[in-house]
Amino acid sequence: MAEITKSYESRDVEKKWYAAWQAAGCFAGKVDPQAQAYSIAIPPPNVTGVLTMGHVLNNTIQDILIRRARLEGKSALWLPGTDHAGIATQTVVERQLRKDKKTRHDFGREKFVEKVWEWREEKGGIILEQLRRLGASCDWNRTQFTMDEHYSKAVLEVFVKLFERGHIYRGKRMVNWCPASQTALSDEEVIMKPVNGTIYRVRYELTERPGEFIEVKTTRPETIPGDVAIAVHPDDPRYTALIGKTVWRPLNRAAIPIIADAAVDKEFGSGALKITPAHDKVDCEVGARHKLPIIDVLNADGTLNAFAGAELAGLDRFAGRKKAAELLKESGALVAEEAYANNVGYSERADVPIEPRLTWQWWLRYPRVEEAKAAVRDRHIKFYPERWSKVYLHWLENIQDWCISRQLWWGHRIPVWYRKGLDKETLVETDLRDPQKIHISLAGPADPENWVQEDDVLDTWASSWLWPFATLGWPDAEKMRASGYDYFYPTSTLVTGPDIIFFWVARMIMAGLEFTHPGEPLEKRIPFKNVYFTGIIRDQQGRKMSKSLGNSPDPLDLINSYGADGLRFGIISIAPQGQDIRFQEDRIEGGKNFCNKLWNASRFRQMSGEMADNSSIAVIVARLDGAKFDADDHAILDRLFAVTREVDRCFAEFEFSAAVQALYGFFWNDFCDWYVEVSKSKLQSPDTKPNCLAIQDLVLRQTLLLLHPFIPFITEELWSLLGYGAAGSFLMRDARIEDASHWVMAIGARGVLLDQTQAATVENVKVFVSQARALKADHQLASRRDVRFFVTTTDAAWTILEASLGKIIRMAGAVEILRKVSVDGAPAVVTPLGTLYLDLASTVDAGAEKVRLAKELEQLAKHIAGTEARLGNEAFVSKAPAAVLEGARKQLADQRAKRDELTRLLKALG
């Protein structure tokens, strides 16, 4: 058995074990009829992506779940892959082409797509390699890509099936439009940014009453030529008499009506709203209700067209805005320009303001909406935290059709062909069913020379919504059998962020219900049984971490500094269920420190005595001797079984941070700081040493099992070095974790019955010692070991203290602890075993301490006087917020309490 080195070298250990796990096929997800299946389909990162702190949190949790499942004896599959990320990837490649002063149009569609594939082969797998550094135990042999041939076939087959079932249609609707990329965008691809701009007050003259005007406010005067009405609220008395009248549009002059609509906010501006249906979603809805015409004044690239008028046509939209304001000023229609701050939607990839735009797109009417509600409402799918189910159900109650087409070249090209010579802009919905005009199929038309394929590709989400089952071979029956589709689907758990609950989670549920296991009950068709929503990682100022803000550390730098285990342990420790995370690098350092503590404790065990056969639970338990158990032995096993139960509960309820904190507290405080320390005397006796070492071996074995999902590398290394596994075996693949009841039965078979009374007594003694240490620290005596304590207590409690007095004095760092009937003036603390007093007179220079205390009292008196003066100031009290007043009063109470305590200490010193 190899010796545990003095220091833990994480980089060497991580490299060694990851290679060993992969070589041995430890990550492979296999169909095992004798075992329960457990599966996770990784949320596929964009093929353009690199590891972020969000990825670290999300994938660490997935790895924790999959490793725990293996330890529970389940046949576990973690299926990895990447998303082709249509607009993101196309943007990256186009950016590279621009460096050579070229565009995709210089290559044509086919050659450009080849360029994207070349980029993907060269750089598209970076994030998956980075996940290996984190310790992700994915079945890499199953790695999927949403543009793989079999996956693409699934995507296109779904389009065809949904069209045949009446769910897909082509319509002219308003979308988020990126003028730079010239494509529709999903809401998820739009980033809201605060912008300091201008709002323009513009007046529209009444056609029948020259010299009388209605004033409106707008941030976009360049769209005024597209105005088709002025809307007012029907209950606004200012305009009741004007409803039905007309006003002159001040740019591209024309008479437009004044209409009444309840969508108008009477309180905003003048209470009148210009209606521009082609350039605003609300206006479009108002226009549809009133059957108003639509005037689109913008081209696809964001320039103004002929409908904007001769003076604006051809200008960029922002230059057009400036010019429109000048024209309004010249005509006297511009009342004023005012500074205005608002949020503007930007294209995530092109970083330009988006345009609401009416365009012809392909749309999907969602299938299985009612079943999707029932799946979550009836808890066939459980959300953690559960509150997100309300958000999910609310969205489904108000669901809108999905724009599934994108004006890109990289992606799944829509399998629709138009008859040559046909103007597709003139098509109506009934034409989509006319085989002489449109052909829709996977294979395409038999006479391709007579047809032209649709240029658009599908929205990226229209491929990733199939992820849980398309990655398992669907719809190819042979691939489904080979991948274990019937065994691993539905998957067990999805780990994702709540920001894509609509874009991805809800859509996956509907896709699974529509396409998997037809005719089977709902619980067989859902894509996953549990959904865990992570929080957002923020900096100390509460800002979301992002590259643009420069506030996010590089996870690989953190791994290099603290080890993968340190990063994993640290990030989970600050990530309570469902809450956003304030990132603290010192907590990552704390993860590294915990790993070092685990290493050193294991090394201490190895140095404390010969390593006996540890290859199974049975051989360790066989070495226990119930006759040699003392109270501390009962207590440490009782705590071990308690923390095992707590970790079991945490996994059942997806409370990973609580599990880490429970394990930290047990190992650091109960085992290292207490049991290892009190064991040192037992290790000196041949009579008690074997039993003590057996207990340590048992505790370390179970602790490594409990910790392995969180910190896999160091636990695998120590498992091997301490001889817990047979030769050639692995903790992660071959070990099995048992619940607390199994352990109780195992040691009970050896005649060891845990004494709860003795265990409780030790817990009280530990609290006594802990409070003694705290009392010392409060008085700057933490490192002193010549401190005397007094205790006032009952006879029963003194019996307990007296029985362990030598150990208590040693652990508390004291010279003696004396029982007294009463003690006056000394600082004290109440413990479960009596009131403990610190004898300052015996440990400090009384004269020096009196001088120090007097100075502290003098300073405190000034602070008290200042706080009293503030609270006595009527001006302050009458204007200060309630929270500030409450804080000041609490501060005064604390100051007075401290003054009283210092006065008592001075009196005690004579």
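Conventions adopted
- Residues numbered from 1 in each chain as written.
- Predicted model: local features only at pLDDT ≥ 70, side-chain atom pairs only at ≥ 80, totals over all residues.
- Heavy atoms only, no water.
- Helix = DSSP H or I, 4+ residues; strand = E, 2+ residues; numbered from the N terminus.
- Buried < 20%, exposed > 50% of the residue type's maximum accessible area, 1.4 Å probe, protein only.
- Contact = heavy atoms within 4.5 Å.
- Areas by Shrake-Rupley, 256 points an atom, 1.4 Å probe, with all protein chains shown as cover.
- Lys, Arg positive; Asp, Glu negative; His and termini not counted.
- Charge placed at Lys NZ, Arg CZ, Asp CG, Glu CD.
- Pairing = 2+ DSSP bridges.
- Axes fitted to C-alpha atoms, helices over the stretch in contact; angles between N-to-C directions.
- Phe/Tyr/Trp six-rings, centres within 6.5 Å; stacked < 30°, edge-to-face > 60°.
- Lys NZ or Arg CZ within 6 Å of the ring centre and 35° of its normal.
- Salt bridge = Lys/Arg side-chain N within 4 Å of Asp/Glu carboxyl O.
- Parallel < 35°, antiparallel > 145°, perpendicular 65-115°, else oblique.
- Nonpolar A, V, L, I, M, F, W, Y, C, P; charged D, E, K, R; others polar.
- Core = buried A, V, L, I, M, F, W, Y, C linked by side-chain atoms within 4.5 Å.
- Patch = residues over 30% accessible without salt bridge, like charges linked within 9 Å, V, L, I, M, F, W, Y side chains within 5 Å.
- Left-handed = near helix turned anticlockwise from the far one by under 90°.
- Polar contact = N/O pair within 3.5 Å; in protein donor to acceptor, adjacent residues only side chain to side chain.
- Right-handed = clockwise from strand over helix to strand, strands pointing away.
- Expected span 1.5 Å × (residues − 1).
- Disulfide = S-S within 2.5 Å.

*Asks:* If you had to explain the overall build of the protein chain to someone new, which residues and values would you point to?
*Replies:* Tallying secondary structure elements over the protein chain gives 31 helices and 29 strands in all. Projected onto its principal axes, the C-alpha coordinates of the protein chain cover approximately 100 × 80 × 55 Å. For the protein chain, the residues scored as buried account for 53% of the 910 residues in total. Of the contacts formed within the protein chain by residues at least 6 apart in sequence, a portion of 78% connects residues at least 24 apart. For the protein chain, the computed accessible surface area is about 39,800 Å², with 51% contributed by carbon and sulfur atoms. Positive and negative side-chain charges in the protein chain, numbering 118 and 122 respectively, have mean positions lying 2 Å apart.

*Asks:* Pulling in residues and values, what's your account of the sheet that holds strand β12 (residues 272–275)?
*Replies:* Here 4 strands make up an open sheet; going across it, the order is β10-β11-β9-β12 and the pairing mixed. The strands lining the two open edges of the sheet, one partner per strand, are β10 (246–248) and β12. Neighbour-to-neighbour, the strand axes of this sheet turn through a mean angle of 30°, independent of strand direction. Note: β10 against strand β11 (residues 255–260), 3 bridges, orientation antiparallel. Pairing of V247 across the sheet is with I256, part of β11.

*Asks:* Describe the sheet that holds strand β6 (residues 183–185), with residues and values.
*Replies:* Taken in spatial order, the 4 strands of this open sheet run β6-β5-β14-β16, and their pairing is antiparallel. If you trace the sheet from one side to the other, it starts and ends with β6 and β16 (402–403), each paired once. The sheet contact formed by strand β14 (residues 355–364) and β16 spans 2 bridges and is antiparallel. Within β16, the residue paired with W363 across the bridge is C403.

*Asks:* Summarise the packing of aromatic side chains; cite the residues concerned and give the values.
*Replies:* For the coordinates displayed, the defined rule picks out 38 aromatic pairs. Seen in terms of ring centroids, Y18 and W21 are 6.3 Å apart; in terms of plane orientation they differ by 70°. Their pairing is edge-to-face. Taken as a pair, Y18 and W21 lie in helix α1 (residues 10–23) at a separation of 3 residues, close to a single helical turn. Given a relative accessible area of 7%, Y18 falls into the buried group. Taking 5.4 Å as the distance between ring centres and 80° as the angle between the ring planes, the aromatic pair formed by W117 and W410 counts as edge-to-face. In this pair, W117 is assigned in helix α4 (residues 109–123) and W410 in the loop between β17 (405–406) and β18 (416–419), connecting sequence segments 293 residues apart. Taking the relative accessible area as the measure of exposure, W117 reaches 28% and is therefore partly exposed. Taking relative accessible area as the criterion, W410 reaches 1% and is therefore assigned buried. Three or more aromatic residues joined by ring pairs form one cluster here, namely F569, F594, Y664, F667, W668, F671 and Y675. Directly above the aromatic system of F790 lies the positively charged group of K820, at a separation of 4.1 Å from the ring centroid.

*Asks:* Explain the pattern of salt bridges to me, using residue names and the numbers behind them.
*Replies:* Using the criterion set out here, one finds 69 salt bridges in the structure. Residues R104 and E94 are paired through a salt bridge, measuring 3.1 Å at the closest nitrogen-oxygen approach. Pair noted here: R104 is in the loop between α3 (86–99) and α4 and E94 is in helix α3, with a separation of 10 residues, a long-range link. Classification of E94 as buried rests on a relative accessible area of 18%.

*Asks:* Hey, could you go over the packing of α3 against α4 for me, with residue numbers and the actual values?
*Replies:* Look at α3 against α4: their axes get within 10 Å of each other, and the N-to-C directions meet at 100°. Looking at the two axes, α3 sits roughly perpendicular to α4. Between α3 and α4, the residues in contact are T89, Q90, V92, V93, E94, Q96 and L97 and F112, K115, V116, W119 and K123, respectively. Along the lines of polarity and charge, the residues of the contact of α3 with α4 split into 6 nonpolar, 3 polar and 3 charged.

*Asks:* Which residues make up the nonpolar core, and what values do they have?
*Replies:* Counting 210 residues, the largest nonpolar core has F383, Y392, I509, I571, L637 and F671 as the members making the most contacts within it. If one sorts the elements of this core by residue count, helix α21 (residues 656–682) sits on top with 14 residues. Leave out the neighbours within four places in its chain, and I509 touches A372, A375, V376, I381, Y392, P527 and F528. Counting residues in each nonpolar core, the second largest holds 27 residues, with Y200, I258, L328 and L334 among its members.

*Asks:* Requested: an account of the side chain of H279, with residues and values cited.
*Replies:* Summarising the element assignment, H279 is placed in the loop between β12 and α7 (281–289). Its relative accessible area of 5% is what places H279 among the buried residues. Aside from chain neighbours lying at most four places away, what touches H279 is M174, R220, T223, I295, D296, V297, L298 and P356.

*Asks:* Lay out the pairing of β14 with the relevant residues and their values.
*Replies:* Where burial is concerned, most of β14 is hidden: 8 out of the 10 residues are buried. Across 10 bridges, the pairing between strand β5 (residues 168–178) and β14 is antiparallel. Paired with G171 across the bridge in β14 is Q361.

*Asks:* Can you lay out a positive patch on the surface for me, pointing to particular residues and giving the numbers?
*Replies:* Positive charge collects at one region of the surface, where R95, R98, K99 and K123 lie side by side. In terms of residues, the positive patch owes the most to one element, α3, which gives 3 residues. Mapped onto the elements, K99 comes out in helix α3.

*Asks:* Give me the lowdown on the packing of helix α9 (residues 369–377) against helix α10 (residues 388–397), citing residues and values where you can.
*Replies:* Interhelical geometry of α9 versus α10 gives an angle of 165° and a closest axis separation of 10 Å. When the interaxial angle is binned, α9 and α10 end up roughly antiparallel. Crossing geometry of α9 relative to α10 is assigned as left-handed. Of the residues in α10, those in contact with V369, A372, K373, V376 and R377 of α9 are S389, Y392, L393, L396 and E397. Its residues assigned to classes, the contact of α9 with α10 comprises 6 nonpolar, 1 polar and 3 charged.

*Asks:* So what about the side chain of S75? Which residues, and what values?
*Replies:* Among the secondary structure elements, S75 is positioned in strand β2 (residues 75–79). Overall, S75 belongs to the buried group, its relative accessible area being 10%. Of note is the side chain of S75, whose polar atom sits 2.3 Å from the backbone oxygen of K30. Setting aside its immediate chain neighbours within four residues, S75 contacts K30, D32, A35, Q36, A37, Y38, Y487 and F488.

*Asks:* Which residues make up unusual backbone geometry, and what are the values?
*Replies:* Residue Y384 is joined to P385 through a cis peptide bond whose omega torsion reads -5°. Looking at the element boundaries, P385 is found in the loop between β15 (382–384) and α10. Even without being glycine, R379 reaches a positive phi, approximately 60°. Tracing the backbone through its elements, the reader meets R379 in the loop between α9 and β15.

*Asks:* Any details on the pairing of β2? Residues and values, ideally.
*Replies:* Counting buried residues in β2 gives 5 out of 5 residues, a clear majority hidden from the surface. Burial of the side chains of β2 extends over both faces: S75, L77 and L79 are buried on one face and A76 and W78 on the other. In the classification by handedness, the crossover that spans strand β1 (residues 37–41), the intervening helix α2 (residues 53–71) and the parallel β2 is right-handed.

*Asks:* Please give an account of helix α20 (residues 631–652) that cites residues and values.
*Replies:* With 22 residues, α20 ought to run about 32 Å at 1.5 Å a step, and its terminal C-alpha atoms sit 32 Å apart, in line with that. N-cap assignment for α20: the residue whose side-chain oxygen lies 3.1 Å from the backbone N of D632 is D630. Trailing α20 by a residue or two, F654 shows a phi angle of about 60°, which is positive.

*Asks:* Quick rundown of helix α18 (residues 585–608)? Include the residues and the values.
*Replies:* Over its 24 residues, α18 runs 35 Å from end to end, which matches the ideal 34 Å to within 8%, given 1.5 Å per residue. Lining the buried residues of α18 we find α17 (555–573), α21, α22 (689–707) and α23 (712–721).

*Asks:* Which residues make up the state of the cysteines, and what values do they have?
*Replies:* Within this structure, the stated rule accounts for 0 disulfides. Not part of a disulfide, C284 finds its nearest cysteine sulfur in C403, a span of 13 Å. Judged by relative accessible area, which is 18%, C284 ranks as buried. Among the residues examined, C403 registers a relative accessible area of 10% and is labelled buried.

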